[in-house]
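Take a look at the letters that make up each chain.
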Amino acid sequence: MADRKSDPANRSAAQLVRRVDLSNNQELVAELAAQSRGEAVDTLLALPLDEGKVANPIREKKDGDAANNNVTDREKQIVWWFKKIQTTENPLQERMAWFWQTFLTSHQQATSQQGIGDQLDIFRSQGLGNFRDILTAFMQDRTLIIYLNGDANTASKPNENLARELMELFSLGVGNYSEDDVRNGALGLAGWRKYNDDPGIPDGVDKEGKPKIAKDPQKAGIRFEEKHAHKAPVKFLGETKVWDVVSIVNKVCDQPATHARVASLMFYHLGGKSLSSAEAKELGVWWAGQDLEIKPLVKKILTDPSLESTYYARPRSGFEYFCATVRATGRKLDTLKSYEAKNVGQLPYEPPNVAGWPDDRWLDPDSLLRRSNFINGFNKGNSTILAASTVDEILDRCGLYEISPTSQSVISSLTKDGVGDEGLINLRWRVALSSPEFMLT
Amino acid sequence: MNNYPEINVSEAITPEGPTKPPPPSSKNDAASAVTRRRFLMGSAASVAVGAGALYALQKGGTKTTDDAQVAETFPDTKVSQDRISFPTETTVGETDPRAKAGLLVPGDVSKRILVVVELQGGNDGLSTVVPYGSGTYYDLRPNLAIKAEDVLKIDDEVGLNPALVKIHSRQFAVIEGLGHVNGTQSHFDMEDSWHQGVVDGTKSADSGFLARVANELGKNSDSPLVAVSVSGNSPWLHNVEVPSLSFDSFNQLNLVTSNEAWQAKYRQALLNYQGGPLTTQMHESWSDIFSLGNALPGGDFKFDRDAVPIEGSKRLVEQMAMAAEFVKADAGVQIIHARLSGFDTHQGHEYKHKQLMAEVDYAVDTFLTDIAEAGREQDVLVAVTSEFGRRVPENGSGLDHGAASTLFTVGPVIPGRHGLASPLNDLAKDNLKTQIPFDGYLGTLAQNWLGVEAGAVLEGEPELMDFV
């Protein structure tokens, strides 16, 4: 594309696509470049939601299939989403599902299989709705509740883990609640228990020859049991009454600290800028005025003037890099595996801990080595990299409209000496995918 | 069977004088910690070392701790009244008793390497170091207990899992009664505790335990690479400040080690990228990566999975093979983290655990044989960890999450039994009670093995142990 450097509309549209579309679909750039930034954002926000649910092989499973192919089921759900990200007609929907997942965290090991898909369904269907709704649904999600010991939290024996993380990580942030709020919040959230209704299937015999029954952990779930709920009034965030999960979530959603924190997390994710506490507070107040509707906040962030002044503001995280590289290289989707994202250092539903993935790790030696290895795995068999051979073609496929003279020169000055014609194409791809511009967003 | 020289049990010196193990009793599971302690000392000496008279007794071990304070801080923890102490540094003119006994003696402290093998999922200590002398064990595990005749005996009470046959023929120590204080049944919480070296399950740290040890080692080392995870991203090394690498296949190091023409051009191109602050940060990272070249083993490493004559994932075998390359390269790596998962045996424990133990046995033995050929066996200690043990009573074909457990180390250790076994007739909600907070284990590895003061890398003052 000859006008890569000269046409500001292309550069602006390319940035918007980079921020919104995890797969960095370049077909969108031409369409959005004809519109102003505000119009382009409206176009993206108006796209109809993909209402399909995460593919869930367990729902179709028969009893005789036994319990122990966990990895396969989990794999199918994650890979279903990988492919959806690459093929969706509503990229903002999948982007927001990812944003919520990076901050409303859960770990796949905490649950039986269908839990991941159920939670992802919440993020995909409500990710552009209202924050109160998404947090309320999330706080009743099985994967989360089991992950943070909500199923061990009863009125007689409260477990504080879930209440603490609700306030520390999923809403207010540290310093905005007391230890009493944690204790009483746990009481308010008490009552969820695990169950396993599976009648079981024969599982061989024991040493005495008696038949054994194996229960399928995938048929386990959580349910609310009144007898384990706390029925007396307690004081939580300044108000004394009998609480439940909905009123607890509403209470934390009423707090200005929640508005400022969630809005600033979203600003960093979509806008690439860390807000000062004053800026965060101001944005939080504005968002509260929108009743915590998510679409207006997304539009405000994506049309913020600071985006136009800094095209590359933050590193692509591991998963963002993974998704963008799969699209750029034309990686064949039918053989895509979840471990490839894991090797890049960020597999959805496997955060290093409940606080999610640290933002400061994506340019460290470990991450860069992982990315280098990931892109070395692309070849003419599993991708379409040989279909783009010139520097311009490769930069177009990578969506690099704004590239520094240094980077342009590093890629353009590669020669075929010692590597041959095909080797040069491979090399150009690796060097382009390792460029600062492709590492950043 | 065991290759250690036999000694007469009566030569073992204890505060009460010579002791010998009581006969195995089917229903007598040592209710008294003191009585049990005496027995343990006798049995530890009897198993392994031919120089019992050289043991010195010291209250509190190598590092004394106020027992009353420990008891107050850790109400569930029994504090041993006395402890065998083994000289960890040999002064001029003395000979390490291990040498007299024909055993491995630790090499120079600056050359020592710690290999942490993490058994992820909660390894069942009772199936690893089997209390075959206990009737209670057989009562609580009518289907899953390992038959006494199959156990690889350590003494008249306990022995190793039958699949640990090669480790049993090596120099090893078992450490009993290790666990959390205020622990939970959550894998994540308890893994976090171990990874962060924080024994109190209600607390946390913002860095990994091995990261802090590596940072301390880095102060006295100009090595281009201090710590390595051969099991991929390692929370043990979280927030490490000295050069470290995490990867799970040697192929991932090709960028650094390969001499192919395109790789050389690629490396040069990466270093040629320049620009703003984020690009500078990237440039520094690439420079760091390429500077590791000299610390990495040569590029001809190949792992042939098909040639490994065991069942199972073989993942640990491959990791330990990579670990051996770093040991043999002798370029300053002092910490290696390897990991085998699959120990969460809620169902089908018997088959799964046996297979896992066989992989541990094969992987560790092959590794130690490999490094011994390079003359490094005196420098390397393999220490096993796991987030928790498993429930004592069985549950169908499996075992649920538990608490305290038994771990083991292989290398130039003081062989035999260490720590304090959690009594099987005194359970907390069917779980073994913590006798030794696990930071004592980690602190011992840091201080007595790597020469990093435990207090510099762990909160408080964990009571150190005597296995190294």
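Residues numbered from 1 in each chain as written. Chains lettered and ligands numbered in written order. Predicted model: local features only at pLDDT ≥ 70, side-chain atom pairs only at ≥ 80, totals over all residues. Heavy atoms only, no water.

What to know about the overall build of chain A
And step 1. Each helix and strand in chain A was counted, giving 22 helices and 6 strands.
And step 2. When its C-alpha atoms are laid out on the principal axes, chain A stretches across 75 × 65 × 40 Å.
And step 3. When burial is assessed residue by residue, chain A has 59% of its 441 residues classed as buried.
And step 4. By sequence separation, contacts in chain A at least 24 residues apart represent 72% of the contacts at least 6 residues apart.
And step 5. Within the structure as shown, chain A displays about 17,100 Å² of accessible surface, and the carbon and sulfur contribution to it stands at 51%.
And step 6. The positive charge centre, built from 55 side chains, and the negative charge centre, built from 60, are 3 Å apart in chain A. (Helix = DSSP H or I, 4+ residues; strand = E, 2+ residues; numbered from the N terminus. Buried < 20%, exposed > 50% of the residue type's maximum accessible area, 1.4 Å probe, protein only. Contact = heavy atoms within 4.5 Å. Areas by Shrake-Rupley, 256 points an atom, 1.4 Å probe, with all protein chains shown as cover. Lys, Arg positive; Asp, Glu negative; His and termini not counted. Charge placed at Lys NZ, Arg CZ, Asp CG, Glu CD.)

Quick notes on the overall build of chain B
And step 1. For chain B, the count of helices and strands is 15 helices and 14 strands.
And step 2. Taken across its 468 residues, chain B has 59% of its residues classed as buried.

Remarks on helix H7 (residues 187-196) of chain B
And step 1. With 8 of 10 residues buried, H7(B) lies mostly within the body of the structure.
And step 2. Listed in full, the buried residues belonging to H7(B) are B:His187, B:Phe188, B:Met190, B:Glu191, B:Ser193, B:Trp194, B:His195 and B:Gln196.
And step 3. Check the buried side of H7(B) and you find it contacts helix H8 (142-147) of chain A together with strand E3 (113-120), helix H8 (209-219), strand E11 (380-385), strand E12 (405-410) and helix H14 (439-449) of chain B.
And step 4. Note on H7(B): the residue one or two positions beyond its end, B:Gly197, has a positive phi of about 65°.

Description of the nonpolar core
And step 1. In terms of nonpolar packing, the biggest core is built from 234 residues, with A:Trp100, A:Leu135, A:Phe170 and B:Phe367 touching the most fellow members.
And step 2. Considering each element in turn, this core owes the most residues, 9 residues, to helix H13 (residues 349-373) of chain B.
And step 3. B:Phe367 has contacts with B:Val115, B:Met320, B:Ala323, B:Ala324, B:Val327, B:Val380 and B:Val382, leaving out every residue within four places of it along the chain.
And step 4. In terms of nonpolar packing, the next biggest core, distinct from the first, is built from 11 residues, B:Leu126, B:Val130, B:Ile146 and B:Val151 among them. (Core = buried A, V, L, I, M, F, W, Y, C linked by side-chain atoms within 4.5 Å.)

Overview of the environment of B:Pro415
Residues and elements named next belong to chain B.
And step 1. Summarising the element assignment, Pro-415 is placed in the loop between E12 and strand E13 (416-419).
And step 2. Using a relative accessible area of 1% as the deciding quantity, one classes Pro-415 as buried.
And step 3. For Pro-415 and Ile-154, which are 261 residues apart along the polypeptide, the C-alpha to C-alpha distance reads 10.0 Å.

Side note on unusual backbone geometry
Residues and elements named next belong to chain A.
And step 1. Not every positive phi belongs to a glycine, and Asn-24 is a case in point at roughly 60°.
And step 2. Position of Asn-24 relative to the elements: it lies in the loop between helix H1 (8-20) and helix H2 (27-33).
And step 3. Unusually for a residue other than glycine, Asp-291 sits at a positive phi of about 60°.
And step 4. The exposure class of Asp-291 is exposed, given its relative accessible area of 56%.

Quick look at the interface of chain A and chain B
And step 1. Each partner contributes to the interface: chain A provides 49 residues, whereas chain B provides 39 residues.
And step 2. Approximately 3,500 Å² of surface area, both sides summed, lies buried where chain A meets chain B, with 59% of it carried by carbon and sulfur atoms.
And step 3. For the chain A face of the interface with chain B, the top three residues by lost area are A:Lys207, A:Leu363 and A:Leu369, together amounting to 17%.
And step 4. Taken together, the connections running from chain A to chain B amount to 0 salt bridges.
And step 5. Our count for the contact surface shared by chain A and chain B stands at 5 residue pairs in polar contact (both at pLDDT 80 or more).
And step 6. Those elements that provide at least two residues to the side of chain A that touches chain B are strand E3 (211-214), helix H18 (365-376), helix H20 (405-412), helix H21 (420-433) and helix H22 (436-439) of chain A.
And step 7. Considering every element that reaches the side of chain A that touches chain B, the biggest residue donor is H18(A), with 9 residues. (Buried area = accessible area lost by both parts, 1.4 Å probe. Salt bridge = Lys/Arg side-chain N within 4 Å of Asp/Glu carboxyl O. Polar contact = N/O pair within 3.5 Å; in protein donor to acceptor, adjacent residues only side chain to side chain.)

Description of the confidence of the model for chain A
And step 1. With 93% of its residues at a pLDDT of at least 70, chain A reaches an overall mean of 90.
And step 2. Across residues 58-71 of chain A, where pLDDT falls below 50, the model places 25 contacts with residues more than four positions away in sequence or in other chains. (pLDDT = per-residue confidence, 0-100.)

Some remarks on the pairing of E3(B)
All names here are of chain B.
And step 1. Across the 8 residues that make up E3, a large majority, 8, are buried.
And step 2. Alternating residues of E3 divide into Ile-113, Val-115, Val-117 and Leu-119 and Leu-114, Val-116, Glu-118 and Gln-120, and every residue in both groups is buried.
And step 3. Where E3 lies against E11, 6 bridges are found, and the strand directions are parallel. For Leu-114, the partnering residue across the bridge sits in E11 and is Leu-381.
And step 4. Relative to strand E10 (residues 335-341), E3 runs parallel, the two sharing 7 bridges. The residue of E10 that forms the bridge with Glu-118 is Arg-339. (Pairing = 2+ DSSP bridges.)

Things to note about the pattern of salt bridges
If charged atoms from side chains of opposite charge come close, those side chains can pair.
And step 1. If you walk through the whole model with that rule in mind, you get 39 salt bridges over all chains.
And step 2. Of the charged contacts, one joins A:Lys231 and A:Glu226 as a salt bridge, the two residues approaching to 2.8 Å between their closest N and O atoms.
And step 3. Given a relative accessible area of 48%, A:Glu226 falls into the partly exposed group.
And step 4. Ionic pairing is found between B:Asp96 and B:Arg98, a salt bridge with its closest N-O pair at 3.0 Å.
And step 5. Beyond isolated ion pairs, a larger network of salt bridges with shared partners links A:Asp50, A:Lys84, A:Glu94 and A:Arg124.

What to know about the sheet that holds strand E5 (residues 152-153) of chain B
Residues and elements named next belong to chain B.
And step 1. On the basis of which strands lie adjacent, the open sheet formed by 3 strands has the order E4-E6-E5 and antiparallel pairing. For this open sheet the edge positions go to strand E4 (129-130) and E5, each flanked by a neighbour on one side alone.
And step 2. Here 2 bridges tie E4 to strand E6 (residues 159-160), and the two strands are oriented antiparallel to one another. Counted as the bridge partner of Val-129 is Leu-160 from E6.

Some words on the packing of helix H12 (residues 256-271) of chain A against helix H13 (residues 277-288) of chain A
Residues and elements named next belong to chain A.
And step 1. It is at 7 Å that the axes of H12 and H13 come closest, and there the two elements cross at 105°. Here H12 lies roughly perpendicular to H13, going by the angle between them. Here His-259, Ala-260, Val-262, Ala-263, Ser-264 and Phe-267 of H12 lie close against H13, whose contacting residues are Ala-280, Lys-281, Leu-283, Gly-284, Trp-287 and Ala-288.
And step 2. In terms of residue class, the contact of H12 with H13 is made up of 8 nonpolar, 3 polar and 1 charged. (Axes fitted to C-alpha atoms, helices over the stretch in contact; angles between N-to-C directions. Parallel < 35°, antiparallel > 145°, perpendicular 65-115°, else oblique. Nonpolar A, V, L, I, M, F, W, Y, C, P; charged D, E, K, R; others polar.)

Things to note about the state of the cysteines
All names here are of chain A.
And step 1. Under the criterion given, the structure shown has 0 disulfides over all chains.
And step 2. There is no disulfide at Cys-323, and the cysteine sulfur nearest it, in Cys-398, is 15 Å away.
And step 3. Overall, Cys-398 belongs to the buried group, its relative accessible area being 1%. (Disulfide = S-S within 2.5 Å.)

Points about H13(A)
Structurally, the α-helix is built with 3.6 residues per turn, so residues lying three or four positions apart point the same way.
All names here are of chain A.
And step 1. Its 12 residues give H13 an end-to-end C-alpha distance of 16 Å, which sits within 8% of 16 Å, the value for a rise of 1.5 Å per residue.
And step 2. Within H13, burial applies to Ala-280, Leu-283, Gly-284 and Trp-287. All buried residues of H13 lie within an arc of 105° about the axis, which places them on one face of the element. Relative to its buried face, H13 has exposed residues pointing more than 90 degrees away, namely Ala-278, Lys-281, Glu-282 and Val-285.
And step 3. Packing partners of the buried residues in H13 comprise helix H7 (131-138), H12 and helix H14 (294-302). (Expected span 1.5 Å × (residues − 1). Arc of directions from axis to C-beta.)

A few points about the packing of aromatic side chains
Residue and element names in this part refer to chain A.
And step 1. Under the definition given, this model contains 25 aromatic pairs over all chains.
And step 2. Aromatic pair Phe-82 and Phe-322: ring centres 5.0 Å apart, planes at 55°, arrangement tilted. One end of the pair, Phe-82, is in helix H4 (residues 70-87); the other, Phe-322, is in helix H16 (residues 318-329), and 240 residues separate them in sequence.
And step 3. Using a relative accessible area of 1% as the deciding quantity, one classes Phe-322 as buried.
And step 4. Ring geometry for Trp-100 and Phe-103: centres 6.0 Å apart, planes at 35°, overall tilted. With Trp-100 and Phe-103 both in helix H5 (residues 91-103) and 3 residues apart, this pair spans about one turn of that helix. (Phe/Tyr/Trp six-rings, centres within 6.5 Å; stacked < 30°, edge-to-face > 60°.)

Observations concerning the side chain of B:Glu118
Residues and elements named next belong to chain B.
And step 1. As for its placement among the helices and strands, Glu-118 is situated in strand E3.
And step 2. We note that Glu-118 is buried and unpaired, the nearest opposite charge coming from Arg-339 at a distance of 4.2 Å.
And step 3. There is a polar contact of 2.9 Å between the side chain of Glu-118 and the side chain of His-337.
And step 4. Apart from residues lying up to four places away in sequence, Glu-118 is in contact with His-195, Trp-236, His-337, Ala-338, Arg-339, Leu-340 and Thr-385.

Re the environment of B:Asp108
And step 1. Its place among the elements puts B:Asp108 in the loop between helix H3 (97-100) and E3.
And step 2. Polar contacts involving the side chain of B:Asp108 include one to the side chain of B:Ser110, which spans 2.5 Å.

Here's the deal with the confidence of the model for chain B
And step 1. Counting all residues, the mean pLDDT for chain B is 80, and 79% of those residues have values of 70 or more.
And step 2. The ipTM, which scores confidence in the relative placement of chains, is 0.89 for this predicted complex, and the corresponding pTM is 0.70.

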